Amino acid sequence: MSYLEEIQVKNLDHLGIVAGLIDEIGIVKIINNKLGIDVREKISAGTVVKSILINGLGFVSRPLYLFSQFFQDKAIEKLLGERIKPDYLNDDKIGRVMDELYKYGLNDIFIEVVLEVIKKIKIDLKYSHLDSTSFHLDGEYKREEDKEKQEEEKIIKERPIFIKKGYSRDHRPDLKQCVLDLITSQDGDIPLFVRVGDGNESDKAVFGKVLVEFKKQIKFDSIMICDSALYGQENLQLIQHLKWITRVPMTIKKAKELVQNIEVEEVKDEDKEKRSDLNLESYTWKEEIVTYGGIKQTWLIVLSEKRQKSDLEKLEKQLSQEEKKSQKFLKEIQSEEFEHPQAARYKLKAINKKLRLLEIKEVELIETYSKKKEKIYKMISLIIKKDEEISRKTKEAGKFILATNLVEENKLEASEILITYKNQQSTERGFRFLKDPLFFTDSFFVEKPERIETMLFLMSLCLLIYNLGQRELRNCLKRVKKGINNQVGKVTLRPTLRWIFQCFQGIHYVTLNGVKQIVNLTEERRFILSLLPASCQRYYL
């Protein structure tokens, strides 16, 4: 045997961290307990799921049918277990496991994983955030024409989603899509609940039901934060036993009146320093007690100086654009010859529908004769501003309303309501992660809606693992009061886990003459590992 044949080098990189986090949560055990272990199988369902999650967090954008290729140069026996080979992870095996997961119940499995995380790791669950996004999909799907059968199915959960066109958050209305509802903790953005819905589903129609279902399955006292899609009389009645903070849509008459007529309170000198500490120095507000949908609430009318400036600049720009447009319309209507007065006024009415802040007003309708000696009418008109509309928009600039049903014994400070709602981007960060082109959203090659749901379930598990690892790392750095260098060489206590993954590129698992060892484990990498759970350290140390 030659010297070269006695050396085997496999990449470990950051995948040991991912594998360790999966072990820490106990995902393999949960999956195997749910789906069972067939002794005839070379690899268990739980281990297959672990391999999918490692692939998903490998950030190489390989679709599932290249799965075995992903592990060809990886330390697969170190990551997945002795005697596991890359060719065990073939299309058929992955497909069967995905089908078994769907058949058992994706939501039940995800909830059990979340409960295990909550039990092992102390996550602050005082606030939870709900939002939704859409994923556009290519191809034909077997159930997309079966919408009529929906009414026949008694339990919605037992049917696959309908891949349909709907409101696209991806700005791709030309493509079919599905919708993902996501609830995350404010502490660490940990996904607590995921639900996949039909492509044409409305947030207003389902958000109340999603919160009720969430509370049934995870029983803890959390205040739910949501955008204005939740705020409607039907939803408020549905969630009246829950605690919530949401935004009030400006389509509600009472909201319009308050924004127009109420003046927010001036900030007292003694409060300025406190607001500065909370990063709220550019906000002022006023509280009102309101009853809407039969629910007594606190409405917080908020004025943001930054947003006000932005809104007024947009208003000025809109006014300028309309002035140019209206000059063109004015010239057009004054040069046109009309056979009847009604035709002139009909044309004027159609033009004014295209304007919001300005109006072209009839001054005089002149009866005259054309060159052919035919009676015609010409309109003399002028441009006027819609002062009432401009005044309304000026008063509304920078203002929005937050509502909560925590009015009396559980009453929150106004500053806490505002800060909590600002953290609604917790779910937005999750959506950005799931839609990252380096993630495996391109893996939506599957033809069945059931597989689409399962893929989104697996992607959500990846988000849970990633955010959990990032949270643990940042909390440890805060405790030891020692930072690490970020991408530009500055010391930070809040690195992204993606940057940590990059820092671990180039770590290899080497077998030399039968002796196995990890190489390229620098002091900096050892320090980072010391901040992560012991289950991560075992893959390297």
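Remember, predicted model here, so these are calculated numbers, not experimental data.

Visitor: Which parts of the structure should I look at to understand the sheet that holds strand β15 (residues 515-519)?
Guide: Strand pairs in the sheet, formed through backbone hydrogen bonds, run parallel or antiparallel to each other. Reading across from one edge, β1-β14-β15 is the order of the three strands in this open sheet, with antiparallel pairing throughout. Each of the sheet's edge strands pairs with one partner strand only, and the pair in question is β1 (7-11) and β15. Put simply, the sheet's adjacent strands are angled 20° from each other on average, direction ignored.

Visitor: Looking at this model, I keep getting lost on the packing of aromatic side chains. Mind explaining?
Guide: To describe a pair of aromatic rings, you give the distance between the ring centres and the angle between the ring planes. Tallied over the entire structure, the rule returns nine aromatic pairs. Here Tyr 466 and Phe 501 contribute two aromatic rings whose centre-to-centre distance is 6.1 Å and whose plane-to-plane angle is 80°, an arrangement assigned as edge-to-face. Taken together, the residues span a long stretch of sequence, with Tyr 466 in helix α17 (residues 449-480) and Phe 501 in helix α18 (residues 497-503) at a distance of 35 residues. Both residues of the pair, Tyr 466 and Phe 501, count as buried. The cationic tip of Lys 74 hangs over the ring face of Phe 70; the distance from NZ or CZ to the ring centre is 4.4 Å. If you follow Lys 482 out to its NZ or CZ, it ends over the ring of Phe 527, 4.7 Å from the centre.

Visitor: For this particular structure, what's the right way to read the sheet that holds strand β5 (residues 223-226)?
Guide: Strands sit in the order β4-β3-β2-β5-β6-β11-β8-β7 across an open sheet of eight strands; the sheet is mixed. This sheet does not close on itself; its edge strands, each paired only once, are β4 (191-197) and β7 (283-292). Direction aside, neighbouring strands of the sheet carry axes that sit 20° apart on average. Two elements, strand β6 (residues 243-247) and strand β11 (residues 399-404), share three bridges in a ladder whose sense is antiparallel. Across the sheet, the residue bridging to Ile 245 is Thr 404, located in β11.

Quick notes on the rules
- Sequence order as written defines the numbering, with residues in each chain counted from 1.
- With the structure being a predicted model, the display of local features is reserved for residues of pLDDT at least 70 and the display and counting of side-chain atom pairs for 80 or more, all residues being used for whole-chain, interface and lining totals.
- To get the side-chain values, take all heavy atoms of the structure and skip hydrogens and water.
- By definition, two strands form a pair when at least two bridges between them are found by DSSP.
- Strands here mean DSSP runs of E at least two residues long; helices mean DSSP runs of H or I at least four residues long; both are numbered from the N terminus.
- For helices, the fitted axis covers only the stretch in contact; all axes are lines through C-alpha atoms, and the angles between them, taken along N-to-C directions, range from 0 to 180 degrees.
- Two aromatic rings, drawn from Phe, Tyr or Trp (for Trp, its six-membered ring), form a pair once their centres lie within 6.5 Å of each other, and the interplanar angle then sorts them: stacked below 30 degrees, edge-to-face above 60, tilted otherwise.
- The rule is simple: take the accessible area with a 1.4 Å probe, protein chains only, and divide by the maximum for that residue type; under 20% is buried, over 50% is exposed, in between is partly exposed.
- A ring is scored as having a charge over it whenever the NZ atom of a lysine or the CZ atom of an arginine sits within 6 Å of its centre and within 35 degrees of its normal.

So, to be careful, I would describe these as geometric facts and stop short of saying anything about function.
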